[in-house]
Amino acid sequence: QAKQLGRNRYHLYDLDAAKDLQTRHRELERIRQALQHGEFRLHYQPKVNMRSGRVIGLEALIRWQHPEQGLLSPAAFLPQTEHSPLIVDIGEWVLHEVLAQMAVWALEGYELPVSVNIAARHFHHIDFVQRLQEILSEHPEVSPHLLELEILESAALEDVLVMREVMAACQGIGVSFALDDFGTGYSSLTYLKQLPAETIKIDKSFVHDMLDDQEDLAIIEGVIGLAGVFRKELIAEGVETAEHGLMLMRYGCDCAQGYGIGRPMPPEAVAEWVRGFEPDWKWPLWAENSWH
Ligand code: C2E
Ligand code: MG
Ligand code: MG
Ligand code: MG
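Residues numbered from 1 in each chain as written. Chains lettered and ligands numbered in written order. Predicted model: local features only at pLDDT ≥ 70, side-chain atom pairs only at ≥ 80, totals over all residues. Heavy atoms only, no water.

> Looking at this structure, how should I read the overall build of the protein?
Scanning the protein from N- to C-terminus turns up 14 helices and 9 strands. Whereas a compact globule of 292 residues would reach a radius of gyration of roughly 19 Å, the protein reaches 21 Å, a difference of no more than 12%. If you line up the protein on its principal axes, its C-alpha atoms span 70 × 50 × 40 Å. In the protein, the share of contacts with a sequence separation of at least 24, taken over all contacts with a separation of at least 6, comes to 68%. Of the roughly 15700 Å² that the protein leaves accessible, carbon and sulfur atoms contribute 52%. If the 25 positive side-chain charges of the protein are averaged to one point and the 44 negative ones to another, these points end up 4 Å apart. (Helix = DSSP H or I, 4+ residues; strand = E, 2+ residues; numbered from the N terminus. Rg over C-alpha atoms; globule rule 2.2 N^0.38 Å. Contact = heavy atoms within 4.5 Å. Areas by Shrake-Rupley, 256 points an atom, 1.4 Å probe, with all protein chains shown as cover. Lys, Arg positive; Asp, Glu negative; His and termini not counted. Charge placed at Lys NZ, Arg CZ, Asp CG, Glu CD.)

What follows is the structure, given as structure tokens:
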């Protein structure tokens, strides 16, 4: 098609490409500045065991408190950084911030596990394990056993052998792993067998559709079965309603995270949320009545 349009057309493409490059460069510079000026925030979303009503941990999720545009979600700025060294700087900031926050919570008597999303490029960075160790040692009040790293299959895709080695080194210092958005990649099964992650997170797209899509429900059943065989912990994301929660529990997945349980919230709100949650938890009772 482009060929038919002739040489002038190619010329226009080049101009477009140059402009794109410039725009991307400017965007990256702005994001770097945001990091330096302290415009990033972390929100925390609770993870619970729906059967026992216990809070089992939190996931840290980055936000950009943009001076003009308000609070931006990661989709608005993280993808731009994923092929740049900036993702490493952002990732290290997140780890520092999470550990500092965990130290505060520990002082207040809340010792909850926290998981952190790690980008593929960051995880494969040559210094990853050493930097992680340094960051952990700067926060000696926090046990590395409370830190979990969430990685995507796409991160593993790059090089399974290196991946396994890096994971094992992290586990050697007490840090654990979850495979995020599980089931959305092409090679979930192979990676499940090869990667030493402790936990699988069922992707929210399957949970969202499982009530009226037999195939999504079948995928969830399959993942729950696999978790059993491979002895992995299991948690479902995207639980928005009691129906989602009940269906998951019925099929054997008791742990969940989602808007129906708790939205991502600023760190100041976490302790009060945790205090209020356990006594109020009603789904298991509900479940008994509605199943018979
Ligand atoms: P994720 O790790 O799979 O996180 C779950 C996403 O689903 C979060 O979106 C969360 O707010 C959202 N979510 C939670 N419950 C529900 C629900 O019931 N329904 C729906 N529709 N969505 C729900 P968020 O915060 O916009 O983050 C999007 C993605 O950005 C994350 O997906 C993760 O891959 C990435 N991300 C977030 N924070 C970080 C970070 O600090 N570092 C890196 N590298 N990636 C991050
Ligand atoms: Mg995640
Ligand atoms: Mg996910
Ligand atoms: Mg995701």
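Anyway, onward from the coordinates.
> Help me understand the site of ligand 1 in this model?
Around ligand 1, a shell composed of 21 residues is seen, among which Arg-63, Asn-117, Asp-180, Glu-240 and Tyr-259 lie nearest. A distance of 3.0 Å separates a nitrogen atom of ligand 1 from a polar side-chain atom of Gln-45. Glu-240 is positioned with one of its side-chain polar atoms (N or O) 2.5 Å from a nitrogen atom of ligand 1. Its atoms largely coinciding with the cavity grid, ligand 1 occupies the largest pocket. Mapped by element, the contributors of at least two residues to the shell around ligand 1 are strand E2 (54–66) and strand E6 (176–182). It is E2 that contributes the most residues to the shell around ligand 1, 4 residues altogether. Along the lines of polarity and charge, the residues of the shell around ligand 1 split into 9 nonpolar, 4 polar and 8 charged. (Near = heavy atom within 4 Å. Polar contact = N/O pair within 3.5 Å; in protein donor to acceptor, adjacent residues only side chain to side chain. 1 Å grid on protein atoms, 1.4 Å probe; cavity = no way out; pocket = protein on both sides within 12 Å on 5 of 7 lines; lining within 4 Å. Sits in = over half its atoms within 2 Å of the grid points. Nonpolar A, V, L, I, M, F, W, Y, C, P; charged D, E, K, R; others polar.)

> Is there a simple way to explain the packing of helix H11 (residues 214–229) against helix H12 (residues 242–251) in this structure?
Two measures define how a pair of helices packs: the angle their axes make with one another and the distance between the axes. At a minimum axis distance of 10 Å, the contact between H11 and H12 shows a crossing angle of 45°. Between H11 and H12, the angle falls in the class oblique. H11 and H12 meet at a crossing whose hand is right-handed. Contact residues: H11 offers Leu-217, Ile-220, Glu-221 and Ile-224, while H12 offers Met-247, Leu-248 and Tyr-251. (Axes fitted to C-alpha atoms, helices over the stretch in contact; angles between N-to-C directions. Parallel < 35°, antiparallel > 145°, perpendicular 65-115°, else oblique. Left-handed = near helix turned anticlockwise from the far one by under 90°.)

> Is there a simple way to explain the side chain of Lys-232 in this structure?
Tracing the sequence through the fold places Lys-232 in the loop between H11 and strand E8 (233–236). Glu-198 is the oppositely charged side chain nearest to the buried, salt-bridge-free Lys-232, at an N-O distance of 7.2 Å. Setting aside anything within four residues of it in sequence, one finds Lys-232 in contact with Leu-192, Leu-195, Pro-196, Ala-197, Glu-198, Ile-200 and Ala-227. (Buried < 20%, exposed > 50% of the residue type's maximum accessible area, 1.4 Å probe, protein only. Salt bridge = Lys/Arg side-chain N within 4 Å of Asp/Glu carboxyl O.)

> Would you mind showing me how to read the coordination of the magnesium ion (ligand 3) here?
Each donor-metal-donor angle would ideally measure 109.5 degrees in four-coordinate tetrahedral geometry, or 90 or 180 degrees in six-coordinate octahedral geometry. Within the protein, Asp-180 (OD), Asp-181 (OD), Glu-237 (OE) and Glu-237 (OE) serve as the donor atoms for the magnesium ion (ligand 3), at 2.0 to 2.5 Å. Expressed as a motif, the donor residue spacing for the magnesium ion (ligand 3) is D-D-x55-E. A gap of 4.1 Å separates the magnesium ion (ligand 3) and the magnesium ion (ligand 2), which Asp-180 links by coordinating each metal. When its relative accessible area of 8% is taken as the criterion, Asp-180 is described as buried. (Donors = N, O, S within 2.8 Å, 3.2 Å for Na, K, Ca; no water.)

> Just to check I follow, could you spell out the pattern of salt bridges for this structure?
For side chains of opposite charge, pairing can occur when their charged atoms come near one another. Counted by the stated rule, this structure contains 10 salt bridges. One salt bridge connects Arg-131 with Glu-134, and the closest N-O pair in it is separated by 2.4 Å. Of this pair, Arg-131 and Glu-134 both sit in helix H6 (residues 128–137), separated by 3 residues, roughly a single helical turn. Overall, Arg-131 belongs to the partly exposed group, its relative accessible area being 24%. Of the residues examined, Glu-134 reaches a relative accessible area of 29% and is grouped as partly exposed. Between Lys-201 and Glu-150 there is a salt bridge, with its nearest N and O atoms 2.8 Å apart. In this pair, Lys-201 is assigned in strand E7 (residues 199–202) and Glu-150 in strand E5 (residues 147–152), connecting sequence segments 51 residues apart.

> Which parts of the structure should I look at to understand the layout of surface pockets?
A water-sized probe rolled over the atoms picks out the places where empty space is left. By volume, the largest pocket is sized at about 1100 Å³. Around the largest pocket sit 38 residues that line it, and Glu-59, Leu-61, Pro-74, Asn-117 and Asp-180 are the ones nearest its centre. Elements with a minimum of two residues in the lining of the largest pocket: strand E1 (40–49), E2, helix H4 (86–107), strand E4 (114–117), helix H5 (120–123), E5 and E6. When residues of the lining of the largest pocket are assigned to their parent elements, the largest contribution, 5 residues, is made by E2. (Points joined across faces, edges and corners; volume = space filled by probe spheres on them.)

> Even after reading the chapter, I still don't get the packing of aromatic side chains, so can you show me in this structure?
By convention here, two paired aromatic rings are described through the distance between centres and the angle between planes. Tallying each qualifying case throughout the model produces 9 aromatic pairs. Measuring from ring centre to ring centre gives 6.2 Å for Phe-40 and Trp-93, while their planes differ by 55°; the resulting arrangement is tilted. Of this pair, Phe-40 sits in strand E1 while Trp-93 sits in helix H4, placing them 53 residues apart in sequence. Judged by its relative accessible area of 3%, Phe-40 falls in the buried class. Ring centres of Trp-64 and Phe-77 lie 5.6 Å apart, and the angle between their planes is 85°; this geometry places the pair in the edge-to-face category. Here Trp-64, found in strand E2, pairs with Phe-77, found in the loop between strand E3 (70–72) and helix H3 (78–81); they are 13 residues apart in sequence, far enough to count as distant. Taken together, the ring pairs in this structure connect Phe-40, Trp-64, Phe-77 and Trp-93 into an aromatic cluster. Of note, Arg-263 hangs over the ring of Tyr-259, and the distance from its end group to the ring centre comes to 3.9 Å. (Phe/Tyr/Trp six-rings, centres within 6.5 Å; stacked < 30°, edge-to-face > 60°. Lys NZ or Arg CZ within 6 Å of the ring centre and 35° of its normal.)

This is a description of form; function is not addressed.
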